[in-house]
Structure formats: structure tokens, C-alpha cells
Amino acid sequence: MNLGRSIRINKCGVVILGLLFMCILYYLWNSNASNSATYAFSKNPNEINLRKLLIGSIQAAQHGGFEVVAVSKSRDLHEQSKGKTKEGANNPVTDADYRSNCVMKNGLLRIFPKLRVISEEDDRQEQCAEVQLFDLDPTVLPESVTVPDERVNIDEVDVWIDPLDATQEYTERLHEYVTTMVCVAVKGVPTIGIIHNPFTMKTTWAWRDRALSESLANLKHDADAKHPTIIVSRSHAGAVKEQSKQIFGENAQVITAGGAGFKVLQVIQNNATAYLHTTHIKKWDICAGDAILGAIGGRMSDLHNENIVYHRDTPALNPNGLLAAALSSTHEAYIKRIVESKHFVRR
């Protein structure tokens, strides 16, 4: 054996191996790029898997939250005004609203192309080009939570998103009130709800009659509705405080907060017995909270005690206020007082 003989490399073989390696990389990349969409649907293109839509919706809320936090670190939020609310408060919009909307809406549509998504904000393409979308990641659901596979006709599904709830408070750096929200309505019924606080990174979600996030699993609520703590909006607290004491008694405590998502969470977390809103409110503000309350045995209704319908063919505006409680018995007791008082009845 001649140990000094050099090893000759077959250049043609190297080229062939290189091309084969590149083909494998291309196949893997292409498979990953299309994997989200194929993963989302069953063999029937007109059906959608609600478990996978839950996963995508959680990710949408969280990735929208990343944009909200990122913009908050900039010196200029590029705040604009969309006009005044009915209560006369400023109704602002910022870069964070638009960027969060881009990642949430476009991210869901990239995975579920036939999905009907209804959002508070319109896309601004120059900002959408800057955001990074996401692929489905089943690990957002903890192994301790059992979530079933369930398929429904996609035409029965409407998704309502609020890319930044409590924008006014966001501009005031009151970040505890800020949430991003996604709600999946099936045949107009709020079925899956996600409320995410981007500054605490806490995500609360529920799928009605199917599954709850770990934060909801062991919650217990006091059935005593005799000592109300009513949470209301900061923007019209004065009149509601006075009316609440007339309806619920002088012992009623009224607290104020920003953001519909935050107020629902306070009810869920036993910091308030009910959330009362007496004027019109948009459905993307309340759909996620409605779904979560329904999943834990609570109820949200308008002030005529009628369920709020979240179907694409209904108006985005709910004109008749709302009452929300974490127990249906509490809701029943409180709504009876409200209806009998006729303080907020409008037809």
C-alpha cells in the first residue's frame, strides 16, 4: 500500500451530490412554507379544524402583542384621531394598532385563506410589509390541556379581531389595560375567545364546552350577588356610577378601567362581580370576552337581556350596551334590576 498516494476527488460526483443536497433543502423549505395552510384544513377544503384555528388565533393575539410592545418603545406612536366617541372622548389610533392588525389578520389569512376575518383596523400595506407573520405552532397549547379535533364548515365561521384594545390608555402608557383579542364565532355564537396582555405576556383563552386555558381551570366565583362591584369604562364613569347606585343600592362599589378586554378579565378574576357598559360598543371589543364568559358558566348580554350575535351579516356595532358576569345566576339577578329600573332601556 502506498500511503503517500493522494486521494482524487471525482468532481462530477461532487457536483451531483451538491445538486442533490440543494434539491432536498428546496423541498424541505417549500414544504415548510406551505405546511401552515395544508395543516389548517382537512381534506375537504370547505371545512376548517377548530383546534388548529384556536392555535392560530392564540398565536395571532401573541404576535400582534409583539408589535404593540415594539411600537411602545419608540419615541413617536404616530397617534391620530378617528374622531370622538359618543361620550365625547378622543378615539385615537396609532402605528401599533395598524402593525398589530397586519400581523394578526394577514397571519390568519395566510394559514386559513378562506377565513372571514373582521377587524377594527384596515391594513396599511406599507406597514404590513415590515411585520413578520407566523406559522402554526401546536406547542402554544400546553400538554396538560386536552383540546379535541373538530371540523366545521368554514362558511359558518367568522373571526373578530381587535389588534389593540384600550388605545387611549396605550397612548397614556397605562399598559395594564392593553390587550389584543381574537374571537371565533360559529353561526354567530362566540365560541373561541382569546385575550392577551402583551406587556405581561399572559394569554387567557377558552373554547366553549371544549377547553380552557390553565388560568381559567381552577377559578371559582362567589354566587353572592347582593354586594355588587361594578366595573365600568373610564370614558363615561360619572353617569354610570350614579345610576349603578340607584339600581344596585348605595353599597354598590363602582370601579373604572380602560379596555373591554381588561374589564372582562377583572370579572373573570373575581376583582369585579359585573361589567356594565351603557352605550354602544363594537363587537370586536367584546366577542372574545363573551366567548370566555360563556365557557366558564357566565354570561354577557345586551341591556335588553338579549344575546349578542356575531355574524358577518349583522352590524359591527352593538347599540344596546352590555352586562357581563362570571356566573349566569349573577347576570340574571343584575339584569333583572336593570330592566326593571328602565335606566338604560333604548329601542
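Residues numbered from 1 in each chain as written. Predicted model: local features only at pLDDT ≥ 70, side-chain atom pairs only at ≥ 80, totals over all residues. Heavy atoms only, no water.

## Focus: the overall build of the protein
Threshold: Each helix is a run of DSSP H or I of at least 4 residues and each strand a run of E of at least 2, with the numbering of both proceeding from the N terminus. Exposure is judged per residue with a 1.4 Å probe applied to protein chains only, and the accessible area is read against the type maximum: over 50% gives exposed, under 20% gives buried, and values in between give partly exposed. By definition in these notes, contact holds between two residues if any of their heavy atoms fall within 4.5 Å. Only the protein chains shown count as cover for residues, and all accessible areas are computed by the Shrake-Rupley method using a 1.4 Å probe.
Within the protein, the regular secondary structure consists of ten helices and 17 strands. Buried residues in the protein amount to 49% of all 347 residues. Looking at the protein alone, contacts between residues at least 24 apart form 72% of all its contacts between residues at least 6 apart. With the model as given, the accessible surface of the protein reaches about 17100 Å², and the carbon-plus-sulfur share is 51%.

## Here we look at the pattern of salt bridges
The condition that has to hold: A side-chain nitrogen of Lys or Arg and a carboxyl oxygen of Asp or Glu constitute a salt bridge if their distance falls within 4 Å.
If you walk through the whole model with that rule in mind, you get eight salt bridges. Across the pair Glu156 and Lys187 runs a salt bridge whose closest N-O atoms are separated by 4.0 Å. Of the two residues, Glu156 is situated in the loop between β5 (151-153) and β6 (157-165) and Lys187 in the loop between β7 (179-186) and β8 (189-197); the sequence distance between them amounts to 31 residues. By relative accessible area, which is 27% here, Glu156 ends up partly exposed. According to the relative accessible area criterion, Lys187 is exposed, its value standing at 57%. Members of the salt-bridge network, linked through shared partners, are Glu169, Glu172 and Arg234.

## Some points on the state of the cysteines
Quick note on the threshold: Cysteine sulfur atoms are paired as a disulfide whenever they come within 2.5 Å of each other.
Per the stated rule, a full pass over the model turns up two disulfides. Paired through a disulfide, Cys102 and Cys128 show a sulfur-sulfur distance of 2.1 Å. Every disulfide takes its handedness from the sign of the S-S torsion; for Cys102 and Cys128 that torsion is -75°, giving left-handed. Placement of the pair is Cys102 in helix α3 (residues 95-111) and Cys128 in helix α4 (residues 125-128), with a sequence separation of 26 residues. In this model, Cys183 is linked to Cys287 through a disulfide, with the two sulfur atoms separated by 2.1 Å.

## Some thoughts on the packing of aromatic side chains
Note the threshold: Aromatic pairing here means that ring centres of Phe, Tyr or Trp (its six-membered ring) are within 6.5 Å. Orientation follows from the plane angle: under 30 degrees is stacked, over 60 is edge-to-face, and everything else is tilted.
In the structure shown here, the tally under the stated rule is five aromatic pairs. Measuring from ring centre to ring centre gives 6.3 Å for Trp160 and Tyr310, while their planes differ by 80°; the resulting arrangement is edge-to-face. Taken together, the positions of Trp160 in strand β6 and Tyr310 in the loop between β15 (299-301) and β16 (317-318) put the pair 150 residues apart, joining distant regions of the chain. Both residues of the pair, Trp160 and Tyr310, belong to the buried class.

## Notes on the UniProt feature "binding site: Mg(2+)" (unreviewed entry) in the protein
As a reminder of what qualifies: UniProt positions are given in the numbering used here, feature names are shortened, and annotations may be inferred rather than shown by experiment. Throughout this description, a polar contact denotes any pair of N or O atoms lying within 3.5 Å of each other; where both atoms belong to protein, one of them has to be capable of donating a hydrogen while the other can accept it, and for residues adjacent in sequence the pair is counted only when both atoms sit in side chains.
As annotated by UniProt and renumbered to match this structure, "binding site: Mg(2+)" (unreviewed entry) occupies Glu120, Asp162, Leu164, Asp165 and Asp285. The named residues occupy 166 residues along the chain; their greatest pairwise C-alpha distance, 9.6 Å, places them in one compact cluster. Position of Asp165 among the secondary structure elements: in strand β6. For Asp165, a relative accessible area of 5% puts it in the buried group. If we ignore the near neighbours within four places in the chain, the residues touching Asp165 are Tyr177, Val178, Thr179, Met181, Gly259, Ala260, Gly261, Phe262 and Asp285. For Asp165, the side chain forms a polar contact with the main-chain nitrogen of Ala260, separated by 2.9 Å. Of note, Asp285 is situated in helix α9 (residues 283-295). When residues no more than four places from it in sequence are discounted, the contact partners of Asp285 are Glu120, Asp162, Asp165, Met181, Ala260 and Gly261.

## What to know about the sheet that holds strand β11 (residues 229-233)
What counts here: Pairing between two strands is assigned when DSSP locates at least 2 bridges connecting them. Here, axes are lines fitted to C-alpha atoms. For helices the fit covers the stretch in contact, and angles between N-to-C directions go from 0 to 180 degrees.
One open sheet accounts for five strands, arranged β12-β11-β13-β17-β15; its pairing is mixed. Every other strand in the sheet has two partners, leaving β12 (253-257) and β15 as the edge strands with one partner each. Strand-to-strand, the axes of this sheet are offset by a mean angle of 20°, without reference to chain direction. Pairing geometry for β15 and strand β17 (residues 322-325), over three bridges, is antiparallel. Opposite Arg299, over in β17, you have Ala325 as the bridge partner. Across the face of the sheet, helix α10 (residues 328-341) comes into contact with β11, β13 (274-277), β15 and β17 while running at roughly 150° to β17.

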